[in-house]
Amino acid sequence: MIFVFGNGLSIGFDARLTTTAITARVVDSLGGEDTAVLRELAELGTPEDPDTVPVEVDRGGFEHLAGPLDRLADALVAVQRLFTSPGTIPLLAKLRDAADGLRQHYIRIVGTVLRQVDACCVMGDTDPERLASWQTMNAFAAELVKRRATVFTLNYDSLLMSALLNQTRYVYDGFRFGPLNVPLDPWDEAVTLYQLHGSVAWRRGTDGVVSKSRLQIVRDEQLLEAWAAGDMDRGLPAVILTDLKTRYTEEYPFSIFYSELHHALANESLVVVGGYSFGDRPLNRALTHFLSRDAENRLIVWNPTGTRDVYLERLRKQLLDNERDISAAQITVEAVLLPDVGAVRSLPTRR
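Keep in mind the model is a prediction, meaning the values are calculated, not measured.

## Brief notes about the overall build of the chain
Then comes step 1: Counting its regular elements, the chain contains 14 helices and nine strands.
Then comes step 2: Counting only residues that meet the buried cut, the chain has 49% of its 351 residues in that class.
Then comes step 3: Intrachain contacts of the chain at a sequence separation of at least 6 include 73% that bridge at least 24 residues.
Then comes step 4: Summed over its atoms, the accessible surface of the chain is roughly 17300 Å², and 52% of this surface lies on carbon and sulfur atoms.
Then comes step 5: Of the charged side chains in the chain, 37 are positive and 47 negative, and the gap between their average positions amounts to 4 Å.

Written as structure tokens, this is what we have:
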């Protein structure tokens, strides 16, 4: 069975992993003046869509602070191709410096977010409440292992991976012996966990190769702290942390995992989605195609507050002209707050 988890799984473990909580710590780290500039850039870098009814958009989240920096840096790199005459060399140097500066600010935000995320996932805490949270997460992971689940997650953190490794010797995540495997090859592992948007342990080297380090090495090297300080000399974080996800999910290494998602969905009739608010277009597109492909395909959504009508509307927006419509009967919404062991146990067995 295929499971797709959003940040609701991490929030259920630790409330400090909400977007609001992390953003508050990012803003505190950056300081008021930098944050004000970033919010102005977010306004300037977010185009209006004339085809939709204007709505109040929260541009205070960390992705909406980081996204414009990332896009503007890419734009400055791209615009350099417009200037090819010898007399433009001084201008090109200034554009490169500006792009590098924007990129460094972006890395500061990414590093700060990843550092805050990882701080909530350190094991060994003796606090009774935290120990109880780990017990629940471990029990949840045990049920996934029993089902030999294929899990896709949008989360950067190590929570689910740590819990799964407490239940089974090895979990395949696309990396074997360090570098990313192309093509993916899970052999016969009991469970697979693919992080669609990257991880705190992923690093893109100066050669462009993406590899995964042991989490303890990342912590010992204080790599996340270095990124939070703007240090780009030891490689870059390999995560999608932006408000322009469609573009980056089509690029290496994320395209490999999204291709695997589409491939996995093509061979299933029942998919469970938990802790996800259906706000990412690339993932919505994959789920839409899954439901449209066969009227018998079903989606079970675990969310304590969402409604089927809202999810159905968001998925229908991703339908292509040649695809059949999705019916409300294909989506079941259950009020589940993750991680919930009973919710996994109550699922039907594989046909």
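## Re the state of the cysteines
Then comes step 1: The final tally for this structure, using the stated rule, is zero disulfides.
Then comes step 2: Note on Cys120: no disulfide assigned, nearest cysteine sulfur contributed by Cys121 at a separation of 6.1 Å.
Then comes step 3: You can call Cys120 buried: its relative accessible area is 2%.

## Here we look at the environment of Arg219
Then comes step 1: For Arg219, the location among the structural elements is in helix 8 (residues 215-220).
Then comes step 2: A sequence separation of 86 residues divides Arg219 from Thr305, and the C-alpha atoms of the two residues are 36 Å apart.
Then comes step 3: Residues in contact with Arg219, not counting those within four places in the same chain, are Asp118, Cys121, Val122 and Ser158.

## Here's the deal with helix 2 (residues 19-30)
Then comes step 1: An ideal rise of 1.5 Å per residue puts 16 Å on 12 residues; helix 2 measures up with 16 Å between its terminal C-alpha atoms.
Then comes step 2: The set of residues buried in helix 2 consists of Ala21, Ile22, Thr23, Val26 and Leu30.
Then comes step 3: Of the residues flanking the end of helix 2, it is Gly31, one or two places downstream, whose phi is positive at about 95 degrees.

## Structural notes on the sheet that holds strand 6 (residues 236-239)
Then comes step 1: Overall, antiparallel pairing links the three strands, which are arranged 5-4-6 in an open sheet. Every interior strand has two partners, whereas the edge strands, strand 5 (210-212) and strand 6, have only one. With strand direction ignored, the average angle separating the axes of adjacent strands in the sheet is 50 degrees.
Then comes step 2: Taken together, the three bridges between strand 4 (residues 198-204) and strand 6 define a ladder with antiparallel strand orientation.

## So, the layout of surface pockets
Then comes step 1: By volume, the second largest pocket amounts to about 710 Å³.
Then comes step 2: If you trace the second largest pocket, you find 25 residues lining it, with Met161, Leu165, Lys212, Arg214 and Leu215 closest to the centre.
Then comes step 3: When contributions to the lining of the second largest pocket are tallied by element, the ones reaching two or more residues are helix 7 (159-165), strand 4 and helix 8.
Then comes step 4: Tallied by class, residues from the lining of the second largest pocket come to 11 nonpolar, seven polar and seven charged.

## Some details on the packing of aromatic side chains
Then comes step 1: For the structure on display, the rule yields 12 aromatic pairs.
Then comes step 2: Centroid distance Tyr194 to Phe257: 5.8 Å. Interplanar angle 55 degrees. Geometry classified as tilted. Of this pair, Tyr194 sits in strand 3 (residues 192-195) while Phe257 is found in helix 11 (residues 254-265), placing the two residues 63 residues apart along the sequence. No difference in accessibility class separates Tyr194 from Phe257, as the two residues are buried.
Then comes step 3: Taken together, the ring pairs connect Phe152, Tyr172, Phe175, Tyr194, Trp202, Phe254 and Phe257 into an aromatic cluster.
Then comes step 4: Here Arg247 stacks its cationic end above the ring of Tyr248, 5.9 Å away from the centre of that ring.

The rules behind these values
- Residues numbered from 1 in each chain as written.
- Predicted model: local features only at pLDDT ≥ 70, side-chain atom pairs only at ≥ 80, totals over all residues.
- Heavy atoms only, no water.
- Helix = DSSP H or I, 4+ residues; strand = E, 2+ residues; numbered from the N terminus.
- Buried < 20%, exposed > 50% of the residue type's maximum accessible area, 1.4 Å probe, protein only.
- Contact = heavy atoms within 4.5 Å.
- Areas by Shrake-Rupley, 256 points an atom, 1.4 Å probe, with all protein chains shown as cover.
- Lys, Arg positive; Asp, Glu negative; His and termini not counted.
- Charge placed at Lys NZ, Arg CZ, Asp CG, Glu CD.
- Disulfide = S-S within 2.5 Å.
- Expected span 1.5 Å × (residues − 1).
- Pairing = 2+ DSSP bridges.
- Axes fitted to C-alpha atoms, helices over the stretch in contact; angles between N-to-C directions.
- 1 Å grid on protein atoms, 1.4 Å probe; cavity = no way out; pocket = protein on both sides within 12 Å on 5 of 7 lines; lining within 4 Å.
- Points joined across faces, edges and corners; volume = space filled by probe spheres on them.
- Nonpolar A, V, L, I, M, F, W, Y, C, P; charged D, E, K, R; others polar.
- Phe/Tyr/Trp six-rings, centres within 6.5 Å; stacked < 30°, edge-to-face > 60°.
- Lys NZ or Arg CZ within 6 Å of the ring centre and 35° of its normal.

These figures capture arrangement, not role.
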